[in-house]
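Tertiary structure, described
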Amino acid sequence: QVQLVESGGGLVQAGGSLRLSCAASGRTDSIYIMGWYRQAPGKEREFVAAITWSGGSTNYADSVKGRFTISRDNAKNTVWLQMNSLKPEDTAVYYCAAGNTFMTFRSWGQGTQVTVSS
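Notes on the structure follow. The model shown is predicted, which means the values in this text are computed figures rather than measured ones. Here the residue numbers are simple positions, counted from 1 along each chain's written sequence. Local features are withheld for residues below a pLDDT of 70 in this predicted model, meaning they are given only at 70 or higher, and side-chain atom pairs are given and counted only at 80 or more; totals for whole chains, interfaces and linings count all residues. Derived side-chain values reflect all non-hydrogen atoms in the structure, with water molecules and hydrogen atoms excluded from consideration.

**A short note on the environment of Ser71**
Within the secondary structure, Ser71 sits in strand β7 (residues 68-73). Exposure remark for Ser71: the relative accessible area of 29% places this residue in the partly exposed category. Spatially, the C-alpha atoms of Ser71 and Arg19 are 11 Å apart, while their sequence positions differ by 52 residues. Excluding its chain neighbours within four sequence positions, the residues that come into contact with Ser71 are Ile51, Thr78, Val79 and Trp80. Numbering of helices and strands runs from the N terminus, with a helix taken as a DSSP run of H or I at least four residues long and a strand as a DSSP run of E at least two residues long. Burial here depends on accessible area, computed with a 1.4 Å probe over protein chains only, as a share of the maximum for the residue type. Under 20% is buried, over 50% is exposed, and the range in between is partly exposed. Here a residue-residue contact requires only that any non-hydrogen atoms of the pair lie within 4.5 Å.

As structure tokens, this is what we get:
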């Protein structure tokens, strides 16, 4: 079992930046991939970005490419999501996720709110 705790959400003006953090604990040796998803009010949860734990290969949703960067520190069991050039449509609860196979996430954090004002 992997436990995930997110932090770093908040309120920012359009064009601003935020950096989300996700700390993993528990069976971190089982992690193959970590990612970020988001869910806006009235919408389904959607994929944002992912990174493989060992090789560091990344994958991004088209809507965030060039603006968001996912990174990780294996020694600290932490993954970050650097979000630049934020838009009001980025407003959502952002969830950290972990999985032991490619693009399959079984562990989820509690979520952190990101609000971008226009």
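**Here we look at the packing of aromatic side chains**
Think of it this way: a Phe, Tyr or Trp ring, Trp meaning its six-membered ring, pairs with another when their centres are within 6.5 Å, and the plane angle makes it stacked under 30 degrees, edge-to-face over 60, tilted otherwise. Using the criterion set out here, one finds four aromatic pairs in the structure. Summarising the aromatic geometry, the rings of Tyr37 and Trp108 are spaced 5.1 Å apart at their centres and angled 70° between planes, so their arrangement reads as edge-to-face. Here Tyr37, found in strand β4 (residues 33-39), pairs with Trp108, found in strand β10 (residues 107-108); they are 71 residues apart in sequence, far enough to count as distant. By relative accessible area, which is 15% here, Tyr37 ends up buried.

**With respect to the environment of Ser25**
Here Ser25 shows up in strand β3 (residues 18-26). Counting along the chain gives 20 residues from Ser25 to Val5, while the straight-line C-alpha distance between them is 8.7 Å. Each residue touching Ser25, except ones within four places of it in the same chain, is listed here: Gln1, Val2 and Gln3.

**Focus on the nonpolar core**
Take the buried Ala, Val, Leu, Ile, Met, Phe, Trp, Tyr and Cys residues and link them wherever side-chain atoms come within 4.5 Å; each set so joined is a nonpolar core. Membership of the largest hydrophobic core comes to 36 residues, with the highest contact counts inside it found for Met34, Trp36, Val79, Leu81, Met83 and Tyr94. Among the elements of the structure, β1 (2-7), β3, β4, β5 (46-52), β7, β8 (78-83), β9 (92-99) and β11 (112-117) are those that each provide at least two residues to this core.

**Quick notes on the state of the cysteines**
Note on disulfides: each one is a pair of cysteine sulfur atoms within 2.5 Å. Scanning the entire structure with this criterion turns up one disulfide. Note on cysteine connectivity: Cys22 is disulfide-linked to Cys96, with sulfurs 2.0 Å apart. Handedness of the Cys22-Cys96 disulfide follows from its S-S torsion of about -85°: it is left-handed. Here Cys22 is found in strand β3, whereas its partner Cys96 is found in strand β9, with 74 residues between them in sequence. The pair Cys22 / Cys96 is uniform in exposure class, with both members buried.

**A word on the pattern of salt bridges**
When their charged atoms lie close together, side chains carrying opposite charge are able to pair. In the sections that follow, a salt bridge refers to a side-chain nitrogen of Lys or Arg positioned within 4 Å of a carboxyl oxygen of Asp or Glu. Under the criterion given, the structure shown has five salt bridges. Between Arg67 and Asp90 there is a salt bridge whose closest N-O contact spans 2.7 Å. Highlighted residues: Arg67 in the loop between β6 (58-60) and β7 and Asp90 in the loop between β8 and β9, separated in sequence by 23 residues. Taken individually, Arg67 and Asp90 each receive the classification buried, so the pair is uniform in this respect.

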